[in-house]
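Breakdown of the fold
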Amino acid sequence: SERPDDRVPKQHLLVVANRLPVSAVRRGKDSWALEISVGGLVSALLGINEFEARWIGWAGVNVPDEVGQRSLTKALAEKRCIPVFLDEETVHQYYNGYCNNILWPLFHYLGLPQEDRLATTRSFQSQFAAYKKANQMFADVVNEHYKEGDVVWCHDYHLMFLPKCLKEYNNKMKVGWFLHTPFPSSEIHRTLPSRSELLKSVLAADLVGFHTYDYARHFVSACTRILGLEGTPDGVEDQGKLTRVAAFPIGIDSDRFIQALELPQVKDHIKELRDRFSGRMVMLGVDRLDMIKGIPQKILAFEKFLEENPIWRDKVVLVQIAVPTRTDVPEYQKLSCQVHEIVGRINGRFGSLTTVPIHHLDRSLDFHALCALYAVTDVALVTSLRDGMNLVSYEFVACQASKKGVLILSEFAGAAQSLGAGAILVNPWNVTEVAASIGYALTMPADEREKRHRHNFMHVTTHTSQEWAETFVSELKDTIVEAQLRTRQ
Ligand code: ADQ
């Protein structure tokens, strides 16, 4: 039977992000394999089905020939995806350069790259030019597929120039922009040479969203201090135009995790893992291999814990899954070497012929394996130095209904605002404190674990990705209504 809300026409939504939710791999001249890509944004948006959504983004592959472009466009259309084709030089300058080497570290408080700042302003300028050019290419594709009434939702630091480009095409287009990373203090943002231009183009959007109230406040301060505009409780005002700025904390599709634990293959996997780790407590880290995740700091804290607590040496194992990303950026290669070196040293120091204290895997796990691993974990360690939200902490909580394990969570992850009461919050830079928290977590009495888990589980299952997207889109639509009311009056 038809539910009442099935009759309501679905809102048409254009989701624009740097990457499509699938990566394309070329198999032949006009044949393609499409794989779901790993990452927070994809995980959050995959579960959303109350919209007629189409995705616009880069397919992650260089397709210089027209035959290839046509066949890939066709293959992607079946997944409701529309590709933006970026040439290699643009990808290098825009994506590896301006996005990953400048904005990403800056927004996570790691500062601007020193050599760029000191040696060549030319490289900075050419990367910013490529950034704008790439954003314009995204705008061209959006404009081509936009139909009146569509809502356009732009994502992340890759596309800060997009709202302005879109409004220049069509001032009536409803445009929202959401940032998945932290927005740093205005004192950090003001070091960026293109600070004003970026803020102004974001302000062209109707609605600007962040994970936490703090990030939203930092953005409003940057607009008032750097641009001299007026901040109001609702957002930022520029010559009578209000850009609404607010916090929309993301969540996960918690049911997907909870239901997965009931599948026979996941149950088998859980049993296998239990057998393999029997007699030992399991600690888990799941991260993209990125300097913001504080992986070396986490492993050093674990080492300190083993050093100070010899009785635990053969009773606990740390499983660290670190999927490599951005492998062509030198800093990421350095990080990978550094992590391997520390893990090797610790395993050499505390391992035996039959066991090692750290299992370190450099790859992504499939969804079912990941769920099983979350379920057998006693203590999850999230030690991000900065993190917009951190969905791994949410996923762990969702899979812990029976075990009620402990979450050790960095106070610099956005998730600390929502899961802070249930987690043990730590300063990841303080290795001594993290080591002590590991000891506390491993020996926590069952009633305290239960109480903490209950708090977090309630949050994770009620603040879902669906709710996040619905709230953002409905607020974005409301800005339409407000604007119409104002013109009618
Ligand atoms: P990320 O930095 O990618 O996201 P996070 O929020 O933790 O970080 O999401 C990672 C996602 O990738 C999770 O769904 C996780 O399960 C998956 N993943 C990570 N490593 C994996 C592995 N080895 N194998 C399989 N899956 C793996 C960015 C921001 C975050 C913000 C999200 C969403 O940096 O702060 O929470 O976007 O806005």
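Residues numbered from 1 in each chain as written. Predicted model: local features only at pLDDT ≥ 70, side-chain atom pairs only at ≥ 80, totals over all residues.

1. A look at the sheet that holds strand S17 (residues 424-426)
We count it as follows: In this description, strands pair whenever DSSP reports at least two bridges between them. Helical segments are the DSSP runs of H or I of at least four residues, strand segments are the runs of E of at least two, and each set is numbered from the N terminus. In this description, a line fitted to the C-alpha atoms serves as the axis of each element, helices being fitted only across the stretch in contact, and the angle between N-to-C directions of two axes falls anywhere from 0 to 180 degrees. This entry defines residue contacts through backbone-placed C-beta atoms, with two residues in contact when those atoms are within 7 Å.
Reading across from one edge, S14-S13-S12-S15-S16-S17 is the order of the 6 strands in this open sheet, with parallel pairing throughout. A strand with exactly one partner marks an edge of an open sheet, and here the two such strands are strand S14 (358-361) and S17. The average undirected angle you get between the axes of adjacent strands in this sheet is 20°. In the sheet, strand S13 (residues 316-324) pairs with S14 via 4 bridges, with the strands oriented parallel. Bridged to Ile 321 within S14 is Leu 361. In the packing of helix H12 (residues 295-308) onto the sheet, contacts are made with strand S12 (281-289), S13, S14 and strand S15 (379-382), and the angle to S13 comes to roughly 170°. Packed onto the sheet, helix H17 (residues 431-442) meets S12, S13, S15, strand S16 (406-410) and S17 and runs at close to 170° relative to S17.

2. Observations concerning helix H9 (residues 213-227)
Put simply, the test is: By this rule the span expected of a helix is its residue count minus one, scaled by 1.5 Å.
Taking 1.5 Å of rise per residue, 15 residues should cover 21 Å, and H9 covers 20 Å from first to last C-alpha, within 8% of that figure. Where H9 is buried, its residues touch helix H7 (186-189), helix H8 (195-203), strand S8 (207-210), strand S9 (230-232), strand S10 (235-238) and strand S11 (241-247). Gly 228, located one to two residues past H9, shows a positive phi value of around 70°.

3. A look at the environment of Ile 82
Rule in force here: Burial is judged by counting the other C-beta atoms within 10 Å of a residue's own C-beta: 20 or more makes it buried, 12 or fewer makes it exposed, and any count in between marks it as partly exposed, with every C-beta position built from the backbone.
Position of Ile 82 among the secondary structure elements: in strand S5 (residues 81-84). Using a count of 20 C-beta atoms within 10 Å as the deciding quantity, one classes Ile 82 as buried. Along the primary structure Ile 82 and Arg 19 are separated by 63 residues, whereas in three dimensions their C-alpha atoms are 11 Å apart.

4. Re the pairing of S8
Burial of S8 is two-sided: the residues Leu 207 and Gly 209 facing one way and the residues Val 208 and Phe 210 facing the other way are all buried. By the bridge criterion, 4 bridges tie S8 to S11 in an arrangement that is parallel. In the strand pairing of S11, Leu 207 is matched with Arg 244.

5. What to know about the confidence of the model for the protein
Let me state the cut-off plainly: The predictor reports its confidence for every residue as pLDDT, a score running from 0 up to 100.
Mean pLDDT over the protein stands at 92; residues scoring 70 or higher make up 93%. Interface confidence for the predicted complex, expressed as ipTM, amounts to 0.98; the pTM equals 0.94.

6. Re the sheet that holds S5
Taken in spatial order, the 9 strands line up as S5-S4-S1-S6-S7-S8-S11-S10-S9 in an open sheet, and their pairing is mixed. In this open sheet, the two edge strands, each paired with only one partner strand, are S5 and S9. Neighbour-to-neighbour, the strand axes of this sheet turn through a mean angle of 20°, independent of strand direction. Pairing between S9 and S10: 3 bridges, direction antiparallel. Bridged to Thr 232 within S10 is Gly 235. Of the strands in this sheet, strand S1 (11-19), strand S6 (151-155) and strand S7 (174-178) are in contact with helix H6 (residues 162-169), which crosses S7 at around 175°.

7. Concerning the packing of H8 against H9
Think of two packed helices as two axes; the pair is described by the angle between the axes and how far apart they sit. Definition in use: These descriptions rest on fixed angle ranges, namely under 35 degrees for roughly parallel, over 145 for roughly antiparallel, 65 to 115 for roughly perpendicular, and the rest for oblique. Helix crossings get a hand from a simple test, with the near helix turned counterclockwise from the far one by less than a right angle marking a left-handed crossing and a clockwise turn marking a right-handed one.
For the pair H8 and H9, interaxial distance at closest approach is 10 Å and the crossing angle is 125°. As the angle between them shows, H8 and H9 are arranged oblique. Once H8 is placed against H9, the crossing between them reads as left-handed. Only Ala 222, Cys 223, Ile 226 and Leu 227 of H9 make contact with H8, whose side of the interface consists of Arg 195, Ser 196, Leu 199, Lys 200 and Leu 203.

8. Some words on the nonpolar core
Test applied: Defined on buried residues, the nonpolar core groups Ala, Val, Leu, Ile, Met, Phe, Trp, Tyr and Cys residues joined through C-beta atoms within 7 Å.
Of all hydrophobic cores here, the largest spans 138 residues; its most connected members are Val 16, Trp 153, Phe 219, Leu 407 and Ile 408. When residues of this core are assigned to their parent elements, the largest contribution, 9 residues, is made by helix H3 (residues 88-107). Dropping the residues within four chain positions of it, Val 16 is found in contact with Ile 56, Gly 57, Phe 138, Val 142, Val 152, Trp 153, Cys 154, His 155, Leu 159 and Leu 162.

9. Looking at the environment of Thr 443
Of note, Thr 443 is situated in the loop between H17 and helix H18 (446-462). A sequence separation of 256 residues divides Thr 443 from Glu 187, and the C-alpha atoms of the two residues are 41 Å apart.

10. Some words on the packing of H12 against H17
To keep things clear, this is the line we draw: Residue polarity is assigned by list, with Asp, Glu, Lys and Arg as charged and Ala, Val, Leu, Ile, Met, Phe, Trp, Tyr, Cys and Pro as nonpolar; anything else, Gly included, falls into the polar class.
Here H12 crosses H17 at 60°, and the two axes come no closer than 8 Å. In this structure, H12 meets H17 at a crossing whose hand is right-handed. Contacts between H12 and H17 involve Gln 297, Leu 300, Ala 301, Phe 302, Lys 304, Phe 305 and Glu 308 from the former and Val 431, Thr 432, Val 434, Ala 435, Ile 438 and Gly 439 from the latter. Of the residues assigned to the contact of H12 with H17, the class counts are 8 nonpolar, 3 polar and 2 charged.

11. A few points about unusual backbone geometry
As a rule of thumb, non-glycine residues mostly have phi less than zero, and peptide bonds are mostly trans rather than cis. With a phi close to 45°, Gln 239 is a non-glycine residue in the positive phi region. With respect to the secondary-structure elements, Gln 239 resides in the loop between S10 and S11. Here the phi dihedral of Asn 390 falls at roughly 95°; this positive angle occurs in a residue that is not glycine. By secondary structure assignment, the location of Asn 390 is in the loop between S15 and helix H15 (391-398).

12. A short note on the environment of Asn 456
Within the secondary structure, Asn 456 sits in helix H18. Distance in space between the C-alpha atoms of Asn 456 and His 158 is 31 Å, their sequence separation being 298 residues. In this structure, Asn 456 is in contact with Val 397, Leu 407, Leu 419, Gly 422 and Ala 423, ignoring residues within four places of it in sequence.

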